[in-house]
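In case you want the letters, here they are:
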Amino acid sequence: MRYGILGVLGLVIALAGCEVPPPEPQTAPNGTPLPTVTIIQPGDRSRIKLRIIDSVNTLRAARGLAPLEYDRALNSAALTHARDMSVQNRPWHFGSDGSSPIDRVARAGYRGRLLGENISETYETDVQTLNAWMTELSTRSVIMDPNARHLGFDWFQEPNGKIWWTLITGAPPPEVPVAEGGAAPRQG
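Below is a short write-up of the structure. (Residues numbered from 1 in each chain as written. Predicted model: local features only at pLDDT ≥ 70, side-chain atom pairs only at ≥ 80, totals over all residues. Heavy atoms only, no water.)

### A word on the pairing of strand β3 (residues 150-157)
Move 1: Most of β3 is tucked away: seven of the eight residues are buried.
Move 2: Examined bridge by bridge, strand β1 (residues 69-70) and β3 share two bridges and lie parallel to one another. By the bridge assignment, Tyr70 is partnered in β3 with Leu151.
Move 3: Of the pairings in the sheet, the one linking β3 to strand β4 (residues 163-171) comprises eight bridges and is antiparallel in character. Within β4, the position partnered with Asp154 by the bridge is Thr166.
Move 4: Taken together, β3 and the strand that follows it, β4, pair antiparallel across an intervening segment of five residues, in which Gly161 is found at a positive phi of about 100°. (Buried < 20%, exposed > 50% of the residue type's maximum accessible area, 1.4 Å probe, protein only. Helix = DSSP H or I, 4+ residues; strand = E, 2+ residues; numbered from the N terminus. Pairing = 2+ DSSP bridges.)

### Examining the pattern of salt bridges
Move 1: This model, assessed by the stated rule, comprises seven salt bridges.
Move 2: Two residues, Arg45 and Asp154, come together in a salt bridge whose shortest N-O distance is 2.3 Å. Remark: Asp154 occurs in strand β3 and Arg45 occurs in helix α2 (residues 45-62); sequence separation between them is 109 residues.
Move 3: With a closest N to O distance of 2.9 Å, Lys162 and Glu121 form a salt bridge. Placement of Lys162 in the loop between β3 and β4 and of Glu121 in strand β2 (residues 113-122) is noted, with a sequence separation of 41 residues between them.
Move 4: Its relative accessible area of 33% is what places Glu121 among the partly exposed residues.
Move 5: The network of salt bridges with shared partners includes Arg45, Lys49 and Asp154. (Salt bridge = Lys/Arg side-chain N within 4 Å of Asp/Glu carboxyl O.)

### Quick word on the environment of Met144
Move 1: With respect to the helices and strands, the residue Met144 is situated in the loop between α6 (137-143) and β3.
Move 2: The buried category is assigned to Met144, whose relative accessible area is 8%.
Move 3: Other than its neighbours up to four places away in sequence, Met144 contacts Leu59, Arg60, Arg63, Leu65 and Met134. (Contact = heavy atoms within 4.5 Å.)

### Here's the deal with helix α3 (residues 72-88)
Move 1: Along its 17 residues, α3 runs 24 Å from first to last C-alpha, staying within 8% of the 24 Å computed at 1.5 Å per residue.
Move 2: Across the 17 residues that make up α3, a large majority, twelve, are buried.
Move 3: Every buried residue belonging to α3 is among Ala73, Leu74, Asn75, Ala77, Ala78, Leu79, His81, Ala82, Asp84, Met85, Ser86 and Gln88, and all of these are buried.
Move 4: Along its buried surface, α3 packs onto α2, β1, α4 (101-107), β2, β3 and β4.
Move 5: The N-capping residue of α3, defined by a side-chain oxygen 3.0 Å from the backbone nitrogen of Ala73, is Asp71.
Move 6: Downstream of α3 by a residue or two, Asn89 has a phi angle that is positive, lying close to 55°. (Expected span 1.5 Å × (residues − 1). Polar contact = N/O pair within 3.5 Å; in protein donor to acceptor, adjacent residues only side chain to side chain.)

### So, the nonpolar core
Move 1: Formed by 19 residues in total, the largest nonpolar core has its most connected members in Ile143, Phe153, Trp165 and Leu167.
Move 2: The set of elements that each furnish at least two residues to this core consists of α2, α5 (126-135), α6, β3 and β4.
Move 3: If near-sequence neighbours (up to four positions away) are discounted, Ile143 is found in contact with Val56, Arg60, Asn118, Leu130, Trp133, Met134 and Leu167.
Move 4: Counting seven residues, the second largest nonpolar core, distinct from the first, contains Ala73, Leu74, Ala78 and Ile168. (Core = buried A, V, L, I, M, F, W, Y, C linked by side-chain atoms within 4.5 Å.)

Structure, rendered in structure tokens:
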């Protein structure tokens, strides 16, 4: 019995010294690291959306800009476009039916003005994608537009892990001027 315990103890000590080293990061032929695949679980949806709105509003607050409110219509347009980009297998701002971002937000029922749309095709997380958007002037300006008041953000993930992200910003419609006497001017 004593030899059995000593044998097991010796095996444990021997195995403890045989740590498996972490795998080497994979790199592309040019030496840049390949992205890791992020798999989004169904239960992560609300957490990711809250994290993005909080992150965007923190970035805006640091610049003295008004916070953005989540808008369901913009969100619907973002999800529709993320899915459509996957179908087309390319990140671009036009739908497979020729629709523009303006068309999509109108179809989704958004009553305000579209200000901008950011898109991405990646295997990276929402935070990594937001960071990438913040490094480019054109996509950063969509997020930091001082006129923006509304945000839609959604994604579609393919079975292989590729994620198609869409972020849309908007503003309330311009107010219709009230004519003297309190009535709005008639539209012709």
